[in-house]
Amino acid sequence: MKLKVKNQLTVTRIAILGTEKLNTWKSNELDLIALRLGQLRSDLWNEFGSLKAWGVSKFEIDKQLRTSKDKYQLPAKLWDSTLYDVIDDIHLVQAACVEKVMKSLGQSFQSFQTKKGVLQLTLESREWLEHPKLCTLMRKFWDRGHTKVCNQIILRAFDTKIDDKGVVWLRFGGLTPCKTLKLPTTLPTEVKCQLRLIKRNCRWEIHYTTDIEKAEKKTQGKIIGCDRGYTKVYATS
């Protein structure tokens, strides 16, 4: 687990894949990878977007599906990166449902495992299925999920290297065995975090996280911007 540093904030930045127009082979390769990952993402939501993944870790689901991964014709690293990302999203939806149920019962949702009470632990496991009243509340707030997203590539296993001209190159294994995709980027420096490649307006964006220094708190000035997150609200002048 990454330790938090005092006075630092983790933010998401966006870079562009390809300092110039990508050649046809690389462009088609990325499109085909995204299409196959989109099918995997859709199948995972269709199968586990209901109660099947409730209280089941992503590692256990990985073991269940490992033998059937060949049907997507994807490298193992690309396959499991998307699988873990999708299951994390499904678990976040479940956590939001648990929070709404607890709020309706006058209880507060806790993020830390040691602070969770009996009710929250019951809702996060499958034990609530044995309690009719909890089942009624869960059905009230639970929405079954699906997706048709097919323009994203999740990268956990990759390499970045800066050349003599200051251009950072992104390298990862594609669909062709023993052939690495080497792509120029507008990344300001080499990165080690998980990357999310998203195709928008006929170009590929690189979404990555980085740490920045927290700005000093200001109590004066008119608020002109507000960002509401999952647990906090930020306002800025």
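For the structure itself, consult the block above.
Residues numbered from 1 in each chain as written. Predicted model: local features only at pLDDT ≥ 70, side-chain atom pairs only at ≥ 80, totals over all residues. Heavy atoms only, no water.

1. Quick notes on helix 1 (residues 24-48)
Residues spaced three or four apart along an α-helix point in a common direction, a consequence of the helix completing one turn every 3.6 residues.
Then, in step 1: The first and last C-alpha atoms of helix 1 sit 36 Å apart over 25 residues, in line with the 36 Å expected at 1.5 Å per residue.
Then, in step 2: Taking the backbone nitrogen of W25 as reference, a side-chain oxygen 3.2 Å away marks N23 as the first, capping residue of helix 1. (Helix = DSSP H or I, 4+ residues; strand = E, 2+ residues; numbered from the N terminus. Expected span 1.5 Å × (residues − 1). Polar contact = N/O pair within 3.5 Å; in protein donor to acceptor, adjacent residues only side chain to side chain.)

2. Looking at the pairing of strand 5 (residues 180-185)
Along any regular strand the residues' side chains alternate between the sheet's two faces.
Then, in step 1: Examined bridge by bridge, strand 4 (residues 168-173) and strand 5 share six bridges and lie antiparallel to one another. Of the residues in strand 5, the one forming a bridge with G173 is T180.
Then, in step 2: Linking strand 4 to strand 5, which pair antiparallel, is a turn of six residues; within it C178 sits at a positive phi near 60°. (Pairing = 2+ DSSP bridges.)

3. Here's the deal with unusual backbone geometry
Then, in step 1: Although it is not a glycine, N201 sits at a positive phi angle of roughly 50°.
Then, in step 2: Within the secondary structure layout, N201 lies in the loop between strand 6 (195-200) and strand 7 (203-213).
Then, in step 3: Positive phi outside glycine occurs at C202, with the angle close to 65°.
Then, in step 4: Mapping C202 onto the fold places it in the loop between strand 6 and strand 7.

4. Here we look at the packing of helix 3 (residues 76-104) against helix 5 (residues 132-141)
Then, in step 1: Interhelical geometry of helix 3 versus helix 5 gives an angle of 120° and a closest axis separation of 9 Å. Between helix 3 and helix 5, the crossing angle belongs to the class labelled oblique. By crossing handedness, the relation of helix 3 to helix 5 is classed as right-handed. Across from C97, V98, K100, V101 and S104 in helix 3, the residues of helix 5 making contact are L137, M138 and F141.
Then, in step 2: Residues of the contact of helix 3 with helix 5, tallied by class, amount to six nonpolar, one polar and one charged. (Axes fitted to C-alpha atoms, helices over the stretch in contact; angles between N-to-C directions. Parallel < 35°, antiparallel > 145°, perpendicular 65-115°, else oblique. Left-handed = near helix turned anticlockwise from the far one by under 90°. Contact = heavy atoms within 4.5 Å. Nonpolar A, V, L, I, M, F, W, Y, C, P; charged D, E, K, R; others polar.)

5. What to know about helix 5
Then, in step 1: Listed as buried for helix 5 are L134, C135, L137 and M138. Viewed along the axis of helix 5, the buried residues span an arc of 165°, placing them on a single side of the element. In helix 5, those exposed residues whose orientation departs by more than 90 degrees from the buried face are P132, K133, R139 and K140.
Then, in step 2: Against the buried residues of helix 5 lie helix 3 and helix 4 (118-124). (Buried < 20%, exposed > 50% of the residue type's maximum accessible area, 1.4 Å probe, protein only. Arc of directions from axis to C-beta.)

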